[in-house]
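The primary structure of each chain is shown beneath.
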Amino acid sequence: MDGIKDKDRKYIAGTYGRYDLHIVRGSGTECEDEKGKKYIDLGSGIGVNCLGWCDAGWIKAVEEQLEKLQHTSNLYYSAPDAQLAEALCTRTGYKKVFFCNSGAEANEAAIKTARKYSFDKYGAGRDTIVTLNKSFHGRTMATLTATAQPAMHNWFFPFNGGFAYCDKDMRSIKAQKNVCAVMAEFIQGEGGVIPLDKAFVRELADWCAQNDVLLIADEVQTGVGRTGTFLCSEQFGVTPDITTLAKGLGGGLPVGAVLIGEKCENTLSAGMHGSTFGGNPVVCAGGVYILSRIDEKLLQEVREKGEFVKARLQGVKGVKSVSGLGLMLGIELEEKSAADVVKACIARGVIPLTAKEKVRLLPPLVITREQLERALDVLADVIAE
Ligand SMILES: *Cc1c(COP(=O)(O)O)cnc(C)c1O
């Protein structure tokens, strides 16, 4: 046991069940532990390191800003956050961006925006936000309450009011009263890489539009190219009123963003919401660079690599099915536990993730075909063993 693991256990709050792995450096899609053993990354630090580890262009963008200044506060104007907001709006058609520091915070801001929009127009009481069973929206009190997983609604009583949990079924959504918004992941990530049905999403978007109910897409995991389009919603043919982003947007530095459409572009005004660290110039300078790299060529490659993974795992002994889009994939196993598969893969130099009972793959978007092949050989072996 090296000293770091002991220190971690002694001093870090015990909220994480860690694998027996201490990564000390990385480059591209490969990294090294403290003993110099090499690994291929199929997890991107849970969908964060979209350009892999220590991408040279991203480091340059971050360092150049770091040498100018590291923080000013939102009391003053700052170039990197304006540039990142412009790049996001130009790319997606959204009107305004609110920056914060995490996915949960982005969803919090989306919840506040939806409630305020409805309050302004309809007065108090029309404040219910519908979320879908098996969703995951974060760990703060409101986003934990929004997370429709009964097992997580424990210990921290009282939970916030104003959420209703529904199946992926319009009848159960239409039966809810006083709804101001529906919040959904188009591919449920933590819930097990479960894509929503396209026809259901279109019907939901139509019903929301007809009833002035805001559609909030939680793209914290699916966004920023992960599924092979910049936003996953593009592949569903709908335009949510609000989209939240986080994980991949900073390429490894903490950032969250709320993309706000026409309907609520003026809903939040001065003093109604804020974040001391939100829009940090160093983080946003890196984000501008990340967006510049996620072009149509890279997105095409992400789609192709996703198809390659699905084809490679098809028919592998022990694999029941593969779900997901682009490089957000979930492998349903016949018998083995996903946690055991991940442990065995790590022992053999490959780092996948789990999502409930599935093995989840979120490799860096820039992973090469050769690295993917090598990693999948190990994964397929471990599953079939
Ligand atoms: C990870 C995740 C979150 C929470 O993001 P944090 O940065 O951990 O707060 C919210 N929604 C979805 C869909 C996620 O995948």
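In this text, all values refer to a predicted model and were calculated from it rather than measured experimentally.

Calculation criteria
Residues numbered from 1 in each chain as written. Predicted model: local features only at pLDDT ≥ 70, side-chain atom pairs only at ≥ 80, totals over all residues. Heavy atoms only, no water. Salt bridge = Lys/Arg side-chain N within 4 Å of Asp/Glu carboxyl O. Helix = DSSP H or I, 4+ residues; strand = E, 2+ residues; numbered from the N terminus. Polar contact = N/O pair within 3.5 Å; in protein donor to acceptor, adjacent residues only side chain to side chain. Pairing = 2+ DSSP bridges. Core = buried A, V, L, I, M, F, W, Y, C linked by side-chain atoms within 4.5 Å. Buried < 20%, exposed > 50% of the residue type's maximum accessible area, 1.4 Å probe, protein only. Contact = heavy atoms within 4.5 Å. 1 Å grid on protein atoms, 1.4 Å probe; cavity = no way out; pocket = protein on both sides within 12 Å on 5 of 7 lines; lining within 4 Å. Points joined across faces, edges and corners; volume = space filled by probe spheres on them. Nonpolar A, V, L, I, M, F, W, Y, C, P; charged D, E, K, R; others polar. Domains from an automatic or database assignment. Buried area = accessible area lost by both parts, 1.4 Å probe. Axes fitted to C-alpha atoms, helices over the stretch in contact; angles between N-to-C directions.

S.K.: Explanation requested: the pattern of salt bridges in the structure shown.
M.R.: Side chains that differ in sign of charge can pair as their charged atoms come close. Evaluation of the coordinates by the stated rule reveals 21 salt bridges. With a shortest N-O distance of 2.8 Å, D8 and R18 are connected by a salt bridge. You can see D8 sitting in helix α1 (residues 3–11) and its partner R18 sitting in the loop between α1 and β1 (23–27), a full 10 residues away along the chain. Look at the salt bridges and you will find they share partners, linking K5, D20, E34 and K35 into a network.

S.K.: Can you help me understand the side chain of T147 in this one?
M.R.: With respect to the secondary-structure elements, T147 resides in the loop between α6 (141–146) and β6 (163–166). A polar contact is formed between the side chain of T147 and the backbone oxygen of T143, at a distance of 2.9 Å.

S.K.: So what exactly am I meant to see when it comes to the sheet that holds β1 here?
M.R.: One key point about sheets: their strands pair by backbone hydrogen bonds, in either a parallel or an antiparallel sense. Taken in spatial order, the four strands make up an open sheet running β1-β2-β3-β15, and their pairing is mixed. Pairing within the sheet leaves two strands with one partner each, and these edge strands are β1 and β15 (350–351). Across two bridges, strand β3 (residues 38–41) lies against β15 in parallel orientation. For D41, the partnering residue across the bridge sits in β15 and is I351.

S.K.: Just checking my understanding: could you explain the nonpolar core for this structure?
M.R.: Burial of nonpolar side chains together is a common tendency in soluble globular proteins. Residues L88, L249, I331, L361 and L379 are the most contacted members of the largest nonpolar core, which totals 55 residues. It is helix α12 (residues 369–384) that contributes the most residues to this core, eight residues altogether. Not counting residues up to four positions away in its chain, the partners in contact with L361 are L42, V309, L327, M328, L329, I331, P352, L376 and L379. In terms of nonpolar packing, the next biggest core, distinct from the first, is built from 29 residues, L132, A164, A217 and V238 among them.

S.K.: Got a minute to help me understand empty space enclosed by the protein in this structure?
M.R.: Using a probe with the size of a water molecule, rolled over the atoms, empty space left in the structure can be pinpointed. Taken as a whole, this structure holds one cavity of 30 Å³ or more when the rule is applied. Approximately 40 Å³ is the volume found for the largest cavity. Its residues assigned to classes, the lining of the largest cavity shows three nonpolar, four polar and one charged. Summarising the domain contributions, the lining of the largest cavity has at least three residues from each of domain 1 (4–54 + 296–384) and domain 2 (69–293).

S.K.: Explain the domain arrangement of the protein chain here, please?
M.R.: Note on interface size: it is often stated as the accessible area lost on association of the parts. Entries for the protein chain in the domain assignment read domain 1 (4–54 + 296–384) and domain 2 (69–293). Listed as interface residues are 27 residues of domain 1 and, on the opposing side, 28 residues of domain 2. Here domain 1 and domain 2 share an interface that buries about 2,200 Å² over both sides, 61% of which is from carbon and sulfur atoms. The largest share of the area that domain 1 buries against domain 2 comes from L51, L325 and M328, three residues that together contribute 28% of it. Viewed at the interface, domain 2 and domain 1 are joined by one salt bridge. Ionic pairing is found between E190 and R360, a salt bridge with its closest N-O pair at 2.9 Å.

S.K.: For this particular structure, what's the right way to read the sheet that holds strand β11 (residues 242–245)?
M.R.: Strand order in the open sheet made by the seven strands is β4-β12-β11-β10-β7-β5-β6, with mixed pairing throughout. Every interior strand has two partners, whereas the edge strands, β4 (96–100) and β6, have only one. Across the sheet, the mean angle separating the axes of adjacent strands is 20° when strand polarity is ignored. In terms of strand pairing, β11 meets strand β12 (residues 256–260) through four bridges, oriented antiparallel. Paired with I242 across the strands is I260, a residue of β12. With respect to the sheet, helix α4 (residues 79–92) is in contact with β4, β11 and β12, its orientation differing from that of β4 by roughly 130°.

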